[in-house]
Amino acid sequence: MKNRLIRATVALMAATALIATGVQPANANSEINSRLDQVLDQQQENSERADETKSEISKLDAELKELQSEIETLKAEQQETQDKLEQTEDELAKLEEEITALEEEIEIIEERIVERTIILEERAISTYEAGGDVSYLEVLLGAQSFGDFIERVSAISTIAQHDQDLLEEHIADEERVQKAKSEVEAKREDVEDRKVELESLKSELNNQRDDLDQLEDELKSKEETLQSELGEIMSEEELLQKQEEAIEAELAAWEEEQERIKEEEERKAREAEEERKREEERKREEERSSANAEPSNEPAVTSASDDSRSSVNNSNNESASATPSSNSNSSFVRPATGTVTSQMGPRWGKFHWGIDIGKNGRTGEVPIVSVLDGTVVTAGYHQGGFGNWVLVTHQMNGQQYTTVYAHLDRIDVSTGQRVGQGQQLGTMGNTGASQGPHLHFEVHKGSFNWERTNAVDPMDYI
């Protein structure tokens, strides 16, 4: 499709240029092939550049997958850290509960120790006041009967055992308190260690979250870059397809015009041939009449009508051998009235690829017109900043031109439509990335592309 279109386009351009110089297309195969080779070389360069772009996109896609893999790994690590954090917090809560229980137990034991201490102190005072150890023999001998004796023996045993149990419980409680305090201290140390670990885990988790946020930002940036590049490629492919269709329309229109011219030349040739035959027949009739008449010594006189007919014949023959240019226009017309408010060149830190023609406070509609005959490549809204725009492809003196009309308020043509020089395309407006009503106008010597490799200064043409 593209090779056929390129060959047809080159043929159109070469034939048009050669016709303008008086050379017949039928005899210009070498010149057309030369131009075709140049265009095919350019196509090869464009194809290589497209392959490089696709390669870069593939690399970006690989980086994108790698980033996604890193994020998945980091999310798994983050979940593991979160689990550890929750586990540590649960353990700390249990430790706190155990410490609280131990502290309550210690408080109860210490109360019992205080009570026993008072009892033991009272027993010690009683023993001291009795002059030392209690004489159990005196207690037994003081019994009034055997039964009283048995009761006294039992009471002495109970008191002695009570004193012994009281003392043992006191010692055990003292040991339990010391053990509980040691356990509490150990658990407190464990809690402090766990708190340090917890703070470390929290810090690690925060760092991981920061890393994750950074990676997500990078991923988002890569995705935006990738989508932008893919969008530009798709946009360029779509625009290229539309330009091919527009060039085909221009070629079809040119071929139709050539066919009309050819038919007109053939008609004139037939009329000339018929006129020639009539003239020959007239001459033969004159010769026969002259032969039958008496001889005359007067020289033959060529009539003015003979000279006129000869001149007509020559004129017709010349007309048959010449083909007019496909575009009768030799120069651009101005796309809009108004003052040029911005030239092509550096502006606001970027490059301005065309000129701006301002509305300058005028009221009402300001028409935007096509600078040459051509075919509309695209007409619609451009999200990238042009707003309502129209792109038209033209042929002039064997050269393709493409013109851009942006920020229109209204569009009056449609994609694929043939337009004439001076035909209204729309009205001046303020759509898209625009700071006020104006026309942004670009000229490209060749096809249009977003790199603007074919952009030329419009002021050289209008």
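The preceding data block contains the structure.
Residues numbered from 1 in each chain as written. Predicted model: local features only at pLDDT ≥ 70, side-chain atom pairs only at ≥ 80, totals over all residues. Heavy atoms only, no water.

## Quick look at the nonpolar core
Step number 1: Counting 23 residues, the largest nonpolar core has Val390, Tyr405 and Leu439 as the members making the most contacts within it.
Step number 2: The set of elements that each furnish at least two residues to this core consists of strand S4 (355–358), strand S7 (387–396), strand S8 (399–411), strand S10 (424–428) and strand S11 (438–444).
Step number 3: Core analysis: the next-biggest nonpolar cluster, separate from the first, contains 15 residues, Leu92, Ile109, Ile113 and Val177 among them. (Core = buried A, V, L, I, M, F, W, Y, C linked by side-chain atoms within 4.5 Å. Buried < 20%, exposed > 50% of the residue type's maximum accessible area, 1.4 Å probe, protein only. Helix = DSSP H or I, 4+ residues; strand = E, 2+ residues; numbered from the N terminus.)

## Quick word on the pattern of salt bridges
Step number 1: Evaluated as defined, the whole model comprises 15 salt bridges.
Step number 2: In this structure, the salt-bridge partner of Arg267 is Glu271, at a minimum N-O distance of 2.5 Å. Placement of both Arg267 and Glu271 in helix H4 (residues 146–292) is noted, with a separation of four residues, approximately one turn of the helix.
Step number 3: Residue Glu271 is classed as partly exposed on the basis of its relative accessible area, which comes to 40%.
Step number 4: One salt bridge in this structure joins Glu365 and Arg410, with 2.5 Å as the shortest N-O distance. Highlighted residues: Glu365 in the loop between S4 and strand S5 (367–369) and Arg410 in strand S8, separated in sequence by 45 residues.
Step number 5: Among the residues examined, Arg410 registers a relative accessible area of 30% and is labelled partly exposed.
Step number 6: Salt bridges sharing common partners tie together Glu281, Arg284, Glu285 and Arg288. (Salt bridge = Lys/Arg side-chain N within 4 Å of Asp/Glu carboxyl O.)

## Looking at the pairing of S8
Step number 1: Both S7 and S8 contribute to a ladder of eight bridges, which runs antiparallel. Counted as the bridge partner of Val390 is Tyr405 from S8.
Step number 2: In this structure, the hairpin formed by S7 and S8 is closed by a connection of two residues, where Asn397 is found at a positive phi of approximately 55 degrees.
Step number 3: Relative to S11, S8 is paired through five bridges, and the arrangement is antiparallel. Bridge assignment links Thr403 to a residue of S11, and that residue is Val443.
Step number 4: Note that S8 and S10 share three bridges and pair antiparallel. The residue of S10 that forms the bridge with Ile411 is Gly426. (Pairing = 2+ DSSP bridges.)

In short, shape yes, function no, at least from these values alone.
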